[in-house]
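If you want the building blocks of each chain, they are given just below.
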Amino acid sequence: LKDVTIPEGLTIRKTCKILSDENLGDYTKFVSLCSDSLLVKKLTGFSKPSLEGFLYPETYSFSDYDSEEFIISHLVKRFFKETSELDFVPNDVLDFYNTIVLASIVEKEAMRDDEKPLIADVYLNRIESGHKLQADPTVAYILELEGKHRSKIYYRDLEIDSPYNTYKYKDLPPTPICNPSVSAIKAVLEPADTDYFFFFANNKGRHIFSQTYSQHLSGLKKQRSK
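Just so it is clear, the model here is predicted, and its values are computed rather than measured.

**Brief notes about the overall build of the chain**
- What the chain contains, in helices and strands, is 9 helices and 4 strands.
- Along the chain direction, N to C, the helices and strands of the chain fall in the order β-α-α-α-β-α-α-α-α-α-β-β-α.
- For the chain, whose C-alpha radius of gyration is 18 Å, the value lies close to the compact-globule estimate of 17 Å for 226 residues.
- With respect to the principal axes defined by its C-alpha atoms, the chain has extents near 60 × 35 × 30 Å.
- Taken over 226 residues, the chain has a buried fraction of 46%.
- In the chain, 61% of the contacts between residues at least 6 apart in sequence involve partners at least 24 apart.
- When the accessible area of the chain is evaluated, it comes to approximately 12000 Å², of which 48% is carbon and sulfur surface.
- Taking the 29 positively charged and 34 negatively charged side chains of the chain as two groups, their mean positions are separated by 7 Å.

Quick look at the structure:
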């Protein structure tokens, strides 16, 4: 048996690369399976274009004889096992699938687990009040799909015409943008209760939250003057 660790917050492509780098199968075959709508429907019950969001981050043990389909199926089954105890009560805001979509954004935004419920609440407040999410990680996801990997998002990137661009479109992205951890999913199901609408990363590995845009701009100004 060979152990392989899938970290939290990776996309399908990065997950498949880890699996293939460990010589557990062919990268192209892994990616193809994850984008097979019939397999997606069979494993998740959802008619979606890919398994993004369902490849559960964990350490697994596989043998050299396990097929690519067996391995991918195993990761998805682990997702449903690990989330089976969570209370996915459908509400006016998010159904099961969209909970995973938002959790994937929270996963990419959060630097610490204790901030996930706060970040989830900000996005839920925006959704409930009809605001755009304006989440940088969704734009970064578009760039990754185009084969571009960089840490900084530029203003020109915010103009990309894609349903994943939450600066351009008000709705949630059509699919998750990564495979989130249980803590990110829990944060969406049990968010903090605040009036926050804005946040930005400080230079100490945390986020600063605020209620109004003027408070947000004031905080950014203070940050930049340090």
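**Let's talk about the confidence of the model for the chain**
- Chain-level statistics for the chain give a pLDDT mean of 93 and a share of 98% at 70 or above.
- Per-element confidence in the chain ranges from a low mean pLDDT of 83 for helix H9 (residues 213–225) to a high of 98 for helix H2 (residues 27–34).

**Some thoughts on the environment of Leu 39**
- For Leu 39, the location among the structural elements is in helix H3 (residues 37–44).
- A sequence separation of 30 residues divides Leu 39 from Glu 69, and the C-alpha atoms of the two residues are 9.1 Å apart.
- In this view, Leu 39 contacts Leu 33 and Glu 69; residues no more than four positions away in its chain are not counted.

**Focus on the environment of Lys 29**
- Relative to the helices and strands, Lys 29 is located in helix H2.
- Classification of Lys 29 as partly exposed rests on a relative accessible area of 40%.
- Between the C-alpha atoms of Lys 29 and Thr 99, which are 70 residues apart in sequence, the distance is 28 Å.

**So, unusual backbone geometry**
- A positive phi angle, close to 60°, is found at Asn 23, a residue other than glycine.
- Within the secondary structure layout, Asn 23 lies in the loop between helix H1 (12–21) and H2.
- Backbone geometry places Gln 134, a non-glycine residue, at a positive phi of 50°.
- Within the secondary structure, Gln 134 is located in the loop between helix H6 (116–128) and helix H7 (136–145).
- Accessibility expressed as a relative area gives 37% for Gln 134, which makes it partly exposed.

**Looking at the nonpolar core**
- Formed by 58 residues in total, the largest nonpolar core has its most connected members in Leu 19, Leu 51, Leu 55, Leu 102, Ile 105, Val 106 and Tyr 123.
- When residues of this core are assigned to their parent elements, the largest contribution, 7 residues, is made by helix H5 (residues 96–109).
- Look past the residues within four positions of Leu 102 in its chain and what remains in contact with it is Leu 94, Tyr 123, Leu 124, Ile 127, Leu 172 and Val 188.

**Concerning the packing of H3 against helix H4 (residues 68–82)**
- Close contact between H3 and H4 brings their axes to 10 Å; oriented N to C, the two are set at 40°. Here H3 lies oblique to H4, going by the angle between them. Considering how the two elements wind past one another, H3 and H4 form a crossing that is right-handed. Only Glu 69, Ser 73, Val 76 and Phe 80 of H4 make contact with H3, whose side of the interface consists of Leu 39, Lys 42, Leu 43 and Thr 44.
- Looking at the contact of H3 with H4 residue by residue, the class counts come to 4 nonpolar, 2 polar and 2 charged.

Definitions and limits used
- Residues numbered from 1 in each chain as written.
- Predicted model: local features only at pLDDT ≥ 70, side-chain atom pairs only at ≥ 80, totals over all residues.
- Heavy atoms only, no water.
- Helix = DSSP H or I, 4+ residues; strand = E, 2+ residues; numbered from the N terminus.
- Rg over C-alpha atoms; globule rule 2.2 N^0.38 Å.
- Buried < 20%, exposed > 50% of the residue type's maximum accessible area, 1.4 Å probe, protein only.
- Contact = heavy atoms within 4.5 Å.
- Areas by Shrake-Rupley, 256 points an atom, 1.4 Å probe, with all protein chains shown as cover.
- Lys, Arg positive; Asp, Glu negative; His and termini not counted.
- Charge placed at Lys NZ, Arg CZ, Asp CG, Glu CD.
- pLDDT = per-residue confidence, 0-100.
- Core = buried A, V, L, I, M, F, W, Y, C linked by side-chain atoms within 4.5 Å.
- Axes fitted to C-alpha atoms, helices over the stretch in contact; angles between N-to-C directions.
- Parallel < 35°, antiparallel > 145°, perpendicular 65-115°, else oblique.
- Left-handed = near helix turned anticlockwise from the far one by under 90°.
- Nonpolar A, V, L, I, M, F, W, Y, C, P; charged D, E, K, R; others polar.

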